Amino acid sequence: MSSELGGSGDQPALDFEDRTYTYAELDRAIDRWILEHGSGASAYDASTLPVPDALICVCAAARQGTAVIVENPDARPDRTAIPPSAFLLVATSGSTGSPRPLARTAASWFDSFPAFTAITGIDATDHVLITGPLHATMHLFGAVHALWRGACVTDDPSRATVVHAVPAVLREVVGKAPKLRTAIVAGTALDDGARAVADGIEIVEYYGAAELSLVAARRVPEPLRLLDGVDADIRDGLLYVRSPYSVIGVPEWFGVGDLAELGDDGELTVRGRGESAINVGGTTVVAEDVERILATVDGIAAAAVVGSPHSVLGETVTAVVELDGTADIGDVRSRARRMLTKEALPRRWVPIESMPRTASGKVARGRVRDWLA
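The structure displayed is predicted, hence computed values, not measured ones.

Conventions adopted
Residues numbered from 1 in each chain as written. Predicted model: local features only at pLDDT ≥ 70, side-chain atom pairs only at ≥ 80, totals over all residues. Heavy atoms only, no water. Axes fitted to C-alpha atoms, helices over the stretch in contact; angles between N-to-C directions. Helix = DSSP H or I, 4+ residues; strand = E, 2+ residues; numbered from the N terminus. Parallel < 35°, antiparallel > 145°, perpendicular 65-115°, else oblique. Left-handed = near helix turned anticlockwise from the far one by under 90°. Contact = heavy atoms within 4.5 Å. Nonpolar A, V, L, I, M, F, W, Y, C, P; charged D, E, K, R; others polar. Pairing = 2+ DSSP bridges.

1. Re the packing of helix 2 (residues 51-64) against helix 5 (residues 137-149)
Where helix 2 contacts helix 5, the axes come no closer than 11 Å and their chain directions differ by 65 degrees. Looking at the two axes, helix 2 sits roughly perpendicular to helix 5. Crossing of helix 2 against helix 5: the hand is right-handed. For the pair helix 2 and helix 5, the contacting residues are L55, V58 and C59 in the first and L140, A143, V144 and L147 in the second. Along the lines of polarity and charge, the residues of the contact of helix 2 with helix 5 split into 7 nonpolar, no polar and no charged.

Right under this line is the structure:
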């Protein structure tokens, strides 16, 4: 049994899309994949495969030492070459623009698994629910880690004891998952609404980037702290990270692009994308802060906030909102006025039928900005 699998024998490994594998069956399926596809292959491509086959493909690549592509088939980035040491070929989410190609070694993920295990507590008895496509790296990371631990990867909420989800998806999952004990959230900051829905469930939140993998994590309500071996620096208010889990080719200190504060003992407070900082008459308004408040306003299902040019103030706040049908735009504007400062209060409100999102469930801010232009 090779290191990509932590289970054996009749332990359940996959219960996904009405297909089930024990670890013994999964082990044999991986070997068959190598026999059928491994001869002369410079890279496997799991991008268009059903999730069970995609995970077999990824495990086969890890076992054989071959690179594997896991990209959104509808938004593939331009990739000119495959680095010799590459294991995983993925892309950024495209939440703020077009997806960019990334390549990482096997060690850059597998070496972080012990630290991730320590904070999440996932073990071989767990059924780990994956709530999005594997080309969103948080879901691929969660599935591969679960197999490394000997847990069962599933898409069945009724059996799940652990879930990987963005906060918006967590809200929907909790009521369908009676056995859930741990929710692992990432992608966007945990909001009060998702936290309230998951009351009684242990919540683990982690912060990372496609280029860096894990950066910091916490058990709610504790503060985020940098993982062991990860260093951070704040330069002009922006976060820079040095990590052993980085993708191939990034500089030693990688600028994440997020506004952040670094406290004692590696405590990290992330305030949002630096490019989402809106300068309203000399006052900095962080788009994510406004979005988190708007998400609590009755009548709003989802919100995206961007800056709009203003001849006097420099910028003002524009809110694009998906309403839930219980209130009109005038109602939500009145409610928001009681919750936001004068600078943070949107001057322009744009209702939208359906908020554009990335595959992982994050608001696709770049598409919202382009749509408003």
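2. Considerations on the sheet that holds strand 16 (residues 254-262)
Taken in spatial order, the 4 strands make up an open sheet running 14-15-16-17, and their pairing is antiparallel. The outermost strands of the open sheet, each flanked by one partner alone, are strand 14 (231-235) and strand 17 (268-273). Neighbour-to-neighbour, the strand axes of this sheet turn through a mean angle of 50 degrees, independent of strand direction. Both strand 15 (residues 238-242) and strand 16 contribute to a ladder of 3 bridges, which runs antiparallel. Among the inter-strand pairings, Y240 is bridged to a residue of strand 16, identified as G255.

3. Quick notes on the environment of G38
Secondary-structure assignment places G38 in the loop between helix 1 (23-37) and strand 3 (43-45). Separated by 22 residues in sequence, G38 and A60 place their C-alpha atoms 8.6 Å apart. Setting aside its immediate chain neighbours within four residues, G38 contacts W33, Y44 and Q64.

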